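Coordinates in review
These are the residues of each chain, in order.
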Amino acid sequence: MDLIEAQAHDGTRLAACPYGGHLTSWRSADGVERLFLSPLAVSGPGQSIRGGVPVCFPQFSGFGTLPKHGFVRNRRWDCVAAGTDAEGRASLRFAIADDDDTRRLWPFAFHCELEATAAGRQLELALQVRNTGDTALSFTVALHGYFAVSDLAQAELRGLEASEWIDHAGPAAGIGVPQPAEFTPLRFGAEVDRVYPALPGVIRLATGAGDLLLTQSGFSDAVVWNPGPDKAAALTDLPPGGERHYVCVEAAVIHDPVVLAPGARWRGVQTVRVDGCA
Ligand SMILES: O=P(O)(O)OC[C@H]1O[C@H](O)[C@H](O)[C@@H](O)[C@@H]1O
């Protein structure tokens, strides 16, 4: 895989692939890899990388007529900057804009920039979208992070206990099917595929190597996904049992799409901080 790396003064490391503007590795200053990347992941034109942080734009999942998760995740982005920023943090910036191909799929002019910045125990992912055309556009979007867990059976997600969700897994699949709130931490085993509209606050993911605290701004919704063993078996870019090593916690805008007037910008930020160690 074609990767570009950046290192912070404290040893924190980031790596990303220009296809998808896709962060593939975040090694926090304690040397722990915090992202899951499938050993069978592939990258290149038209392919999407299993793991890391796919950028889903201008459509989340199959909620529209575009290819699943839009089209920027499997196109080449430009690397705008890679290295150490003025504060000594690892920094990677990638950008992509419309071209003839994207306009055939989606007839709008846009410019997207992803900035990943990390040092110490923290990663910040900032996505900016600008409407560079002369008509209004609207989109849904997600930063589809695969966070590494030592063992899925021990992983636990807190912070969503009192929130209703829309279920996209199993026989109840389908948008607009809110389930009753439940008040215990979310655990994993069978497939989980949920959209939480209007995320209330901080999400805490117990990974087995410390907790990750996830916050977001600009992104209204959150998605929690793990395919479970049955659906994972159908993913050709995941080895057997691979799903036991990640939980996707995605910062997203799904239910109330972003609308941008000509010249307008939108910015969404997801921050992930390591809190304590196992
Ligand atoms: O396999 P992919 O196309 O990368 O999609 C992976 C997953 O992404 C999101 O989390 C969706 O909610 C899931 O329904 C989907 O299966």
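Bear in mind that the values here come from a model prediction, so they are computed numbers and not experimental data.

Another aspect to go through is the UniProt feature "active site" (unreviewed entry) in the protein chain. When the UniProt feature table is mapped onto this chain, "active site" (unreviewed entry) is found at His144 and Glu250. Judged by maximum C-alpha separation, these annotated positions cover 107 residues in sequence but sit close together in space, the widest gap being only 4.6 Å. Take histidine 144: it is sitting in the loop between β9 (137–143) and β10 (146–148). The contact partners of histidine 144, leaving out residues within four places of it in the chain, are Gly52, Val53, Pro54, Cys56, His69, Trp225, Cys248 and Glu250. Its place among the elements puts glutamate 250 in strand β18 (residues 246–260). Beyond its immediate chain neighbours, meaning those up to four positions away, glutamate 250 contacts Phe60, Ala142, Leu143, His144, Gly145, Gln216, Asp221, Ala222, Val223, Trp225 and Gln270. A polar contact is formed between the side chain of glutamate 250 and the side chain of histidine 144, at a distance of 3.4 Å.

Along the chain, alanine 15 falls in strand β2 (residues 13–17). By relative accessible area, which is 6% here, alanine 15 ends up buried. In contact with alanine 15, other than residues within four places in its own chain, are Ile4, Glu5, His22, Leu23, Thr24, Ser25 and Leu92.

To continue, consider unusual backbone geometry. In this structure, proline 58 follows phenylalanine 57 across a cis peptide bond, with omega equal to 0 degrees. On the secondary structure map, proline 58 appears in the loop between β4 (55–56) and β5 (78–84). The backbone of serine 61 sits at a positive phi, close to 50 degrees, despite the residue not being glycine. Relative to the elements of secondary structure, serine 61 occurs in the loop between β4 and β5. Of note in this structure, alanine 198 is not a glycine but carries a positive phi near 55 degrees. Within the secondary structure, alanine 198 sits in the loop between β14 (192–196) and β15 (203–206). The class of alanine 198 is exposed, set by a relative accessible area of 58%.

We now examine the site of the ligand. Close contacts around the ligand come from Arg50, Phe60, Lys68, His69, Arg73, His144, Asp193, Val223, Trp225 and Glu250, and that covers them all. At 3.1 Å from an oxygen atom of the ligand is found a side-chain nitrogen or oxygen belonging to arginine 50. Here an oxygen atom of the ligand and a side-chain polar atom of histidine 69 are 2.9 Å apart. Residues of the shell around the ligand, tallied by class, amount to 3 nonpolar, 2 polar and 5 charged.

With that settled, the discussion passes to the sheet that holds strand β3 (residues 22–27). Across the sheet, which stays open at both edges, the 3 strands sit in the order β1-β2-β3 with antiparallel pairing between neighbours. Of all strands in the sheet, those bounded by a partner on one side alone are β1 (4–7) and β3. Taking each pair of neighbouring strands and ignoring which way they run, the sheet shows an average axis angle of 20 degrees.

The final tally for this structure, using the stated rule, is 15 aromatic pairs. Ring centres of tyrosine 146 and tyrosine 246 lie 4.8 Å apart, and the angle between their planes is 55 degrees; on these two criteria the pair is classed as tilted. Of this pair, tyrosine 146 sits in strand β10 while tyrosine 246 is found in strand β18, placing the two residues 100 residues apart along the sequence. What makes tyrosine 146 buried here is its relative accessible area of 3%. When its relative accessible area of 0% is taken as the criterion, tyrosine 246 is described as buried. Where phenylalanine 219 meets tryptophan 266, the ring centres are 5.2 Å apart and the plane angle is 80 degrees; that geometry is what we call edge-to-face. Taken together, the residues phenylalanine 219 in the loop between β16 (211–217) and β17 (221–226) and tryptophan 266 in strand β19 (residues 265–275) connect sequence positions 47 residues apart. Side by side, phenylalanine 219 and tryptophan 266 carry an identical accessibility label, which is buried. By way of ring pairs, the aromatic residues Phe57, Phe71, Trp106, Phe108, Phe110, Phe139, Phe219 and Trp266 are connected into one cluster.

The strand order β5-β6-β7-β8-β19-β16-β15-β11-β13 describes an open sheet built from 9 strands, whose pairing is antiparallel. Every other strand in the sheet has two partners, leaving β5 and β13 (186–187) as the edge strands with one partner each.

Of all hydrophobic cores here, the largest spans 60 residues; its most connected members are Leu23, Phe57, Phe139 and Trp266. If you tally residues by element for this core, the top one is β18, at 6 residues. Those residues in contact with leucine 23, other than ones at most four positions away along the chain, are Leu14, Ala15, Ala16, Leu35, Gly52, Val53, Leu92, Ala116, Leu123 and Leu125.

The rules we used
Each chain has its residues counted from 1, following the order in which its sequence is written. It should be noted that, the model being predicted, local features are given only for residues of pLDDT at least 70 and side-chain atom pairs only at 80 or more, the latter also being counted only at that level, while totals for whole chains, interfaces and linings use all residues. Values reported for side chains reflect all heavy atoms of the structure, with hydrogen atoms and water molecules removed beforehand. UniProt positions are given in the numbering used here, feature names are shortened, and annotations may be inferred rather than shown by experiment. In this text, helices come from DSSP runs of H or I with a minimum length of four residues, and strands from runs of E with a minimum of two, each type numbered from the N-terminal end. By definition in these notes, contact holds between two residues if any of their heavy atoms fall within 4.5 Å. Under this definition, polar contacts are N or O atom pairs within 3.5 Å; protein pairs additionally need one hydrogen-donor-capable and one acceptor-capable atom, and for neighbouring residues in sequence, both atoms have to be side-chain atoms. Any residue under 20% of the maximum accessible area for its type is buried, any over 50% is exposed, and the rest in between are partly exposed; the area is computed with a 1.4 Å probe on protein chains only. Consider each residue's heavy atoms; a residue with any of them within 4 Å of a molecule or strand counts as near. Under the grouping applied here, Gly and all other residues not named as nonpolar or charged are polar, the nonpolar ones being Ala, Val, Leu, Ile, Met, Phe, Trp, Tyr, Cys and Pro and the charged ones Asp, Glu, Lys and Arg. Whether two strands pair comes down to DSSP finding at least two bridges between them. Helix axes use the C-alpha atoms of the stretch in contact, all axes being lines fitted to C-alpha atoms, and the angles between their N-to-C directions lie in the range 0 to 180 degrees. Pairs were defined over the aromatic rings of Phe, Tyr and Trp, the Trp ring being its six-membered one, requiring ring centres within 6.5 Å. Orientation was assigned from the angle between planes: stacked under 30 degrees, edge-to-face over 60, tilted for the rest. To qualify as a nonpolar core, a set must consist of buried Ala, Val, Leu, Ile, Met, Phe, Trp, Tyr and Cys residues joined through side-chain atoms within 4.5 Å.

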